[in-house]
There are 2 protein chains.
Amino acid sequence: MGVRKARAAETEAALKEAALRQFAERGYLNTKITDITAAAGRATGSFYDHFASKDALLQALLADLHGKAHDRLAGQEHPPHDLTDPDQLHEHLAVAWHLMRGNRPVMIALFEQAMAAGPGAGRLWQRLTEDTQVLREHLEHLRESGRPLPGDPELVAAAMGAMLSMLAYALPGEDPGRSDDEVVGILARLLLHGLAGPDSTPAG
Amino acid sequence: MGVRKARAAETEAALKEAALRQFAERGYLNTKITDITAAAGRATGSFYDHFASKDALLQALLADLHGKAHDRLAGQEHPPHDLTDPDQLHEHLAVAWHLMRGNRPVMIALFEQAMAAGPGAGRLWQRLTEDTQVLREHLEHLRESGRPLPGDPELVAAAMGAMLSMLAYALPGEDPGRSDDEVVGILARLLLHGLAGPDSTPAG
DNA sequence: GTCTATATCGTGATAGAC
DNA sequence: GTCTATCACGATATAGAC
């Protein structure tokens, strides 16, 4: 790779990094093209030599993320889980939580983007159901095994996803008094046994 | 009230109604002042004779809602509940759900408004904790009674609120195959006994 | 490829006749 | 109070020199 291309790649990377920082600070919608270029120490016009729009930039960031995720998860099996097993549910939630929190800027951007389209478009609902598809399949598997689910797997999965993603978005970036593990633990207990807790006496 | 004032009030009401329709269809952020005036059959300039801005209009709508809610809830007692009682939890969720779903346009607007401020501002988290304050107090009451909660009442309450509000926002307006009662029932069961269900065998 | 300067556009908000 | 016409501004996107 020549020095010209190298410099270009450097600028592109600088723009991406700057965008991530800006998204985390100001949110996606509030971040202007000039905010990104300024934070990257480049001129406004340079942006368009690398990305057609803010939306295209987000797609590129998402592609990077998919690449990373693919590398990490490559070759991993994903057999049907039993989500009523405490360890498996906890593990499942932990993976989802760290994925979202570890890529918070992109998550924020996608969230706001889907939101800005308005609720009528139904894009948020679509995203919610797509992103919880694996979860839904696990729930359906449970139901087929004769387990009494709270209700329609699609809705239950969406409800869990809604809770997760909304919390991941809303929770302050660095919460001194609340660790990720603590949050995951609480959510796991809530989703496994509810407010009544594991010691609730069955009705029958 | 004179006819002049009556006509003015009529216009104001028309603007409000038009705004509600537009918010539900296009979302708050996407709705332009001209969308509202056009839908109300008025001129653009008339908007500013009644509201200083789109934000001020939203505040007015919110005030209307508070007025209605106050009328409905006036004189009602609100003693400490036991949220681990199936009926009480169900009732609690039903009230919250119907409040959100019955005033979906305003809810959508508030949601998008808080969101557009970006996550850094922490306004969404603030809203979430404020709106679930009553819930939190009930949970704290439970904890003081010796009940084993899944974790910190503030976080558990926020998690429940996140699930509720996100679903209320994302779920399509008119879902033919899924009634409000069905949704409330599912959420109540999920939050009461979790995925394991009421028949899970206690550890001890 | 990167820069400076600027064209273009959508939208919020106002002025002034009626 | 309502209207038409218009301004003012911020942000996107482009042009052209280097």
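Residues numbered from 1 in each chain as written. Chains lettered and ligands numbered in written order. Predicted model: local features only at pLDDT ≥ 70, side-chain atom pairs only at ≥ 80, totals over all residues. Heavy atoms only, no water.

K.L.:
Explain the nonpolar core here, please?
P.N.:
One broad trend across soluble globular proteins is that nonpolar side chains are buried collectively. Core analysis: the biggest nonpolar cluster contains 86 residues, and Trp-97 and Leu-167 of chain A together with Trp-97 and Leu-167 of chain B have the highest contact counts within it. If sequence neighbours within four positions are ignored, Leu-167 of chain A has contacts with Trp-97, Arg-101 and Leu-187 of chain A together with Trp-125, Leu-128, Leu-155, Ala-158, Ala-159 and Ala-162 of chain B. One finds Tyr-28, Phe-47, Leu-57 and Leu-110 of chain B within the second-largest nonpolar core, a separate group that totals 20 residues. (Core = buried A, V, L, I, M, F, W, Y, C linked by side-chain atoms within 4.5 Å. Buried < 20%, exposed > 50% of the residue type's maximum accessible area, 1.4 Å probe, protein only. Contact = heavy atoms within 4.5 Å.)

K.L.:
Mind showing me how you'd approach the side chain of Gln-113 of chain A here?
P.N.:
Residue and element names in this part refer to chain A. Mapping Gln-113 onto the fold places it in helix α5 (residues 104-116). Only 2.4 Å separates the side chain of Gln-113 from the side chain of Asp-55, close enough to count as a polar contact. Among residues more than four places away in sequence, those in contact with Gln-113 are Tyr-28, Asp-55, Leu-58, Gln-59, Arg-123 and Arg-127. (Helix = DSSP H or I, 4+ residues; strand = E, 2+ residues; numbered from the N terminus. Polar contact = N/O pair within 3.5 Å; in protein donor to acceptor, adjacent residues only side chain to side chain.)

K.L.:
Teacher, can you tell me more about the UniProt feature "DNA-binding region" (unreviewed entry) in chain A here?
P.N.:
UniProt records the feature "DNA-binding region" (unreviewed entry) for residues 32-51 of chain A in the present numbering. Annotation note: span residues 32-51 of chain A, helix share 40%, strand share 0%, distance between end C-alpha atoms 14 Å. (UniProt positions renumbered as here; feature names shortened; annotations may be inferred.)

K.L.:
Please clarify how the packing of aromatic side chains should be interpreted in this entry.
P.N.:
Each pair of aromatic rings is reported with the distance of its centres and the angle of its planes. All names here are of chain B. Applying the stated criterion across every chain yields a total of eight aromatic pairs over all chains. Seen in terms of ring centroids, Phe-23 and Tyr-28 are 5.2 Å apart; in terms of plane orientation they differ by 70°. Their pairing is edge-to-face. In terms of burial, Phe-23 and Tyr-28 fall into one category: buried. Ring plane angle 50° and centroid distance 5.6 Å describe the contact between Phe-47 and Phe-51, whose orientation is recorded as tilted. (Phe/Tyr/Trp six-rings, centres within 6.5 Å; stacked < 30°, edge-to-face > 60°.)

K.L.:
I keep staring at the relation of the copies chain B and chain A and nothing clicks. Help me out?
P.N.:
Both copies of the chain are related by a screw-like operation: a rotation about an axis and a shift along it. Taken as rigid bodies, chain B and chain A are interconverted by a rotation of 180° and an axial shift of 0.0 Å, the fit giving an RMSD of 0.1 Å. Here the transformation between the copies is reduced to the relation of a two-fold axis. Here 100% of the interface residues in chain B have copies in chain A that are interface residues too; the copies meet face to matching face. (Least-squares fit on C-alpha atoms with pLDDT ≥ 70 in both.)

K.L.:
What is the right way to look at the protein's contact with DNA strand D in this model?
P.N.:
Surrounding DNA strand D, one finds 13 residues, the nearest of these being Thr-11, Ala-43, Ser-46, Asp-49 and His-50 of chain B. Counted by atom, the contact set of DNA strand D within 4 Å of the protein is 68% sugar and phosphate. The separation between a phosphate oxygen of DNA strand D and a polar side-chain atom of Tyr-48 of chain A is 3.3 Å. Residue Arg-7 of chain B places a main-chain N or O atom 3.3 Å away from a phosphate oxygen belonging to DNA strand D. Of all the elements, helix α1 (residues 3-26) of chain B adds the most residues to the surface near DNA strand D, at three residues. A class-by-class count of the residues in the surface near DNA strand D yields four nonpolar, five polar and four charged. (Near = heavy atom within 4 Å. Nonpolar A, V, L, I, M, F, W, Y, C, P; charged D, E, K, R; others polar.)

K.L.:
Can you help me understand the interface of chain B and chain A in this one?
P.N.:
Interface size is often expressed as the accessible area that is lost when the parts come together. Counting residues at the interface gives 59 residues for chain B and 59 residues for chain A. Among the residues chain B hides against chain A, the three largest losses belong to Pro-119, Pro-150 and Leu-195 of chain B. Together they make up 15% of the total. Across the chain B-chain A interface, the total number found is four salt bridges. Inspection of the chain B/chain A interface yields 16 residue pairs in polar contact (both at pLDDT 80 or more). For the side of chain B that touches chain A, the secondary structure elements donating two or more residues are α1, α5 (104-116), α6 (123-131), α8 (153-170) and α9 (180-193) of chain B. The element that contributes the greatest number of residues to the side of chain B that touches chain A is α8 of chain B, accounting for 13 residues. In terms of residue class, the side of chain B that touches chain A is made up of 40 nonpolar, ten polar and nine charged. (Buried area = accessible area lost by both parts, 1.4 Å probe. Salt bridge = Lys/Arg side-chain N within 4 Å of Asp/Glu carboxyl O.)

K.L.:
I tried to follow the protein's contact with DNA strand C on my own but got confused; where do I start?
P.N.:
All names here are of chain A. Residues in contact with DNA strand C amount to 14 residues; listed here are only the nearest, Thr-11, Ala-43, Ser-46, Asp-49 and His-50. Backbone atoms, meaning sugar plus phosphate, form 62% of the atoms of DNA strand C positioned within 4 Å of the protein. Contacts to DNA strand C include Ala-43, whose backbone N or O atom sits 2.8 Å from a phosphate oxygen. Interatomic distance of 2.6 Å between a side-chain N/O atom of His-50 and a phosphate oxygen of DNA strand C. Considering every element that reaches the surface near DNA strand C, the biggest residue donor is helix α1 (residues 3-26), with three residues.

K.L.:
Looking at this structure, how should I read the pattern of salt bridges?
P.N.:
Side-chain pairing between opposite charges can occur once the charged atoms of the two side chains come close. Scanning the model with the defined rule gives 16 salt bridges over all chains in all. Lys-16 of chain A is the partner of Asp-64 of chain A in a salt bridge, and the nearest nitrogen-oxygen pair spans 3.0 Å. Within this pair, whereas Asp-64 of chain A is found in helix α3 (residues 54-73), its partner Lys-16 of chain A is found in helix α1, the two being separated by 48 residues in sequence. Overall, the relative accessible area of 37% leaves Asp-64 of chain A in the partly exposed class. In this structure, Asp-175 of chain B engages Arg-178 of chain B in a salt bridge whose closest nitrogen and oxygen atoms are separated by 3.8 Å. Since its relative accessible area comes to 24%, Asp-175 of chain B is described here as partly exposed. For Arg-178 of chain B, a relative accessible area of 12% corresponds to the buried category. Among the charged side chains, a salt-bridge network with shared partners connects Asp-152 and Glu-154 of chain A together with Asp-175 and Arg-178 of chain B.

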